[in-house]
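The lines below spell out each chain.
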Amino acid sequence: MNGTAHAAVGAATGFIVANTYTAPPTETALLVSIGVVAGLLPDLDIDGKLRGRITLSHKLFQSVGQLIGILMIVYSMYEGNGTNQYIGLGIGLLLFVFTSFIKQRHMLTLTGIAVIAVGLSLQETWLFLLGIFILIASVVSHRSYTHSLLGVVFVGYIAYRLEMSIGLIGVQNTCLAGYISHLVTDSKFLPFNKRGVKLFLPLSSKEF
């Protein structure tokens, strides 16, 4: 199933949860949006449009990193002295070379690291854990851990912490329903899916 369909099903789960709690229009819209995100979240493990929308362009990252590297080199040459000059030159050169090798597929990993840092800085557990999820999704293969029961449990806890943080009833149920809807619609129980999902990783790699 494609991303548009997953988003639509996720939105529907958010709407159903909102109606269950008789949420006002503003909260309904928020829960629908959360449902869309939850419905798409498992597919962060594939290099596609979803990754592109939540990450910066690697070309922009390269340009900024290389510019900072050049500025550090120039500054060290003209303002530095002794050991500090060589350290500045080394760091600037290292930054210039490192960012030259950054590709778009690396941007999700960097995004995960950034979200972890922001979560720690703000002392928001859900944001820190979301960063870990993004980081894991950036390195695992498609339809593996993000499409398993481990992923469901992890996202369910992230959603619980988010609900506690913002005080909006229905957030956890929406996230769980949206996330699970993705796994169901990707399963081999539906005739149009040639592949299924490995629900019981790492205990079993059998597809369902």
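Refer to the structure above for everything that follows.
As a starting point, this report considers the structure included with it. (Residues numbered from 1 in each chain as written. Predicted model: local features only at pLDDT ≥ 70, side-chain atom pairs only at ≥ 80, totals over all residues. Heavy atoms only, no water.)

## Regarding the overall build of the protein
And step 1. If you tally the helices and strands in the protein, you get nine helices and zero strands.
And step 2. Counted from the first residue to the last, the protein has its helices and strands arranged as α-α-α-α-α-α-α-α-α.
And step 3. Compactness check: the protein gives a C-alpha radius of gyration of 21 Å against a globular reference of 17 Å for 208 residues, more than 25% above the reference.
And step 4. Seen along its three principal axes, the alpha-carbon backbone of the protein occupies a region of about 65 × 40 × 30 Å.
And step 5. Within the protein, the proportion of its 208 residues that are buried is 39%. (Helix = DSSP H or I, 4+ residues; strand = E, 2+ residues; numbered from the N terminus. Rg over C-alpha atoms; globule rule 2.2 N^0.38 Å. Buried < 20%, exposed > 50% of the residue type's maximum accessible area, 1.4 Å probe, protein only.)

## Some thoughts on the nonpolar core
And step 1. Counting residues in hydrophobic clusters, the biggest one holds 28 residues, and the most contacted among them are Leu44, Phe133, Val171 and Tyr179.
And step 2. It is helix H7 (residues 125–137) that provides the largest number of residues to this core, a total of seven residues.
And step 3. Non-local contacts of Tyr179, meaning those with residues more than four positions away in its chain, are made with Ala38, Gly39, Leu41, Pro42, Phe133, Thr146, Gly151, Val152 and Val155. (Core = buried A, V, L, I, M, F, W, Y, C linked by side-chain atoms within 4.5 Å. Contact = heavy atoms within 4.5 Å.)

## Thoughts on unusual backbone geometry
And step 1. In the segment running from Leu201 into Pro202, the intervening peptide bond is cis, with an omega of 0°.
And step 2. Within the secondary structure, Pro202 sits in the segment after helix H9 (171–185).
And step 3. Even without a glycine there, the phi angle at Gln123 is positive, about 55°.
And step 4. In this structure Gln123 comes out as exposed when scored by relative accessible area, which is 72%.
And step 5. At Arg143, a residue that is not glycine, the phi angle is positive and equals roughly 60°.
And step 6. Here Arg143 shows up in the loop between H7 and helix H8 (149–166).
And step 7. A relative accessible area of 10% places Arg143 in the buried class.

## Comments concerning helix H5 (residues 82–100)
And step 1. If you check H5, its first and last C-alpha atoms are 28 Å apart, about what 19 residues at 1.5 Å a residue would give, namely 27 Å.
And step 2. Looking only at H5, the buried set comprises Gln85, Gly88, Gly92 and Thr99. End-on, the buried residues of H5 take up no more than an arc of 85°, which puts them together on one face. Those residues of H5 that are exposed and angled more than 90 degrees off the buried face are Thr83, Tyr86 and Leu94. (Expected span 1.5 Å × (residues − 1). Arc of directions from axis to C-beta.)

## Comments concerning the packing of aromatic side chains
And step 1. Evaluated as defined, the whole model comprises four aromatic pairs.
And step 2. When the ring of Phe133 is compared with that of Phe154, the centres are 6.4 Å apart and the planes differ by 35°; the resulting orientation is tilted. Placement of the pair is Phe133 in helix H7 and Phe154 in helix H8, with a sequence separation of 21 residues.
And step 3. A relative accessible area of 4% means that Phe133 is categorised as buried.
And step 4. With a centroid separation of 5.4 Å and 75° between ring planes, the pair formed by Phe200 and Phe208 is classed as edge-to-face.
And step 5. Through a chain of ring-to-ring contacts, three or more aromatic side chains come together here, namely Phe133, Phe154 and Tyr179. (Phe/Tyr/Trp six-rings, centres within 6.5 Å; stacked < 30°, edge-to-face > 60°.)

## What to know about the packing of helix H6 (residues 104–122) against H7
And step 1. Following both chains from N to C, one finds H6 and H7 inclined at 165°, their axes separated by 7 Å at the closest point. Here H7 runs roughly antiparallel to H6, going by the angle between their axes. As for the relative orientation of H6 and H7, their crossing is left-handed in sense. On H7, the residues that touch Leu108, Thr109, Gly112, Ile113, Val115, Ile116, Val118, Gly119, Leu120 and Leu122 of H6 are Leu127, Phe128, Leu130, Gly131, Ile132, Ile134, Leu135 and Ala137. (Axes fitted to C-alpha atoms, helices over the stretch in contact; angles between N-to-C directions. Parallel < 35°, antiparallel > 145°, perpendicular 65-115°, else oblique. Left-handed = near helix turned anticlockwise from the far one by under 90°.)

## Brief notes about the environment of Leu183
And step 1. Within the secondary structure, Leu183 is located in helix H9.
And step 2. Leu183 sits 14 residues away from Val197 along the chain, and the two C-alpha atoms are 6.8 Å apart.
And step 3. The contact partners of Leu183, leaving out residues within four places of it in the chain, are Pro42, Thr146, His147, Ser148, Val152, Val197 and Leu199.

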